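Observations on the three-dimensional arrangement
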Amino acid sequence: MAIGFESDTEFMDIELTKFEELGRIVKSLVKETPPGLDILEAQEIPLATKPLMSMIRGAMYKVKVEGY
């Protein structure tokens, strides 16, 4: 359910069951993403690394109120 939030940047962790070349993973993801959703960067990280979202320390929100 959409709640009216828009984001400039999102992070995603993907854990694979077998090795795949990073470039092929990105190409597969690009084919499946809707227009306007761009994959800007992809990196292979060690399996023991914490999930990316657990490392986010804060967020900034901009609120637009109609009529002001």
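Figured I'd write up the structure that's included with this text. All figures in this text were calculated on a predicted structure; none of them were measured in a lab.

**Focus: the overall build of the protein chain**
Within the protein chain one finds one helix and zero strands. With respect to the principal axes defined by its C-alpha atoms, the protein chain has extents near 50 × 30 × 20 Å. Counting only residues that meet the buried cut, the protein chain has 1% of its 68 residues in that class. Of the roughly 7,500 Å² that the protein chain leaves accessible, carbon and sulfur atoms contribute 56%. For the protein chain, the distance from the average site of its 8 positive side-chain charges to the average site of its 12 negative ones is 1 Å.

**As for a nonpolar patch on the surface**
A contiguous nonpolar surface patch, about 740 Å² in accessible area, is contributed by F5, Y61, V63, V65 and Y68. Mapping Y68 onto the fold places it in the segment after α1 (22-32). The class of Y68 is exposed, set by a relative accessible area of 88%.

**Re the environment of Y61**
Note on placement: Y61 falls in the segment after α1. Judged by its relative accessible area of 61%, Y61 falls in the exposed class.

**Quick notes on the layout of surface pockets**
Estimates place the volume of the largest pocket at around 1,400 Å³. As for the largest pocket, its lining consists of 35 residues, and the residues nearest its centre are M12, D13, I14, Q43 and L52. Taken together, the residues that form the lining of the largest pocket break down as 18 nonpolar, seven polar and ten charged.

Cut-offs used in this document
- Counting restarts for each chain: residues are numbered from 1 in the order of the written sequence.
- Per-residue local features of the predicted model are confined to residues with pLDDT of at least 70, and side-chain atom pairs are confined, for both listing and counting, to 80 or more; whole-chain, interface and lining totals are unaffected and use all residues.
- Values shown for side chains rest on all heavy atoms present in the structure; no hydrogens or waters enter the calculation.
- By definition, any uninterrupted DSSP run of H or I lasting at least four residues is a helix, any uninterrupted run of E lasting at least two residues is a strand, and each is numbered from the N terminus.
- Think of it in three bands: with a 1.4 Å probe and only protein chains considered, a residue is buried below 20% of the maximum accessible area for its type, exposed above 50%, and partly exposed in between.
- Accessible surface area values rest on a Shrake-Rupley calculation with a 1.4 Å probe, where residue burial reflects the displayed protein chains alone.
- Positive residues here are Lys and Arg, negative ones are Asp and Glu, while His and the chain termini are left out of the count.
- A charged residue contributes its charge at one atom only: NZ of Lys, CZ of Arg, CG of Asp or CD of Glu.
- Note on patches: the residues involved have over 30% relative accessible area and no salt bridge, like charges join within 9 Å, and the nonpolar side chains Val, Leu, Ile, Met, Phe, Trp and Tyr join within 5 Å.
- In what follows, salt bridge is the name for a side-chain nitrogen of Lys or Arg lying within 4 Å of a carboxyl oxygen of Asp or Glu.
- Lining residues are those with an atom within 4 Å of a point, where the points come from a 1 Å grid over the protein atoms alone and group into cavities, where a 1.4 Å probe fits but cannot get out, or pockets, open sets with protein on both sides within 12 Å along at least five of seven lines.
- Grid points are joined across faces, edges and corners, and a volume is the space filled by probe spheres set on the points.
- Gly is placed with the polar residues, together with every amino acid not listed as nonpolar (Ala, Val, Leu, Ile, Met, Phe, Trp, Tyr, Cys and Pro) or charged (Asp, Glu, Lys and Arg).

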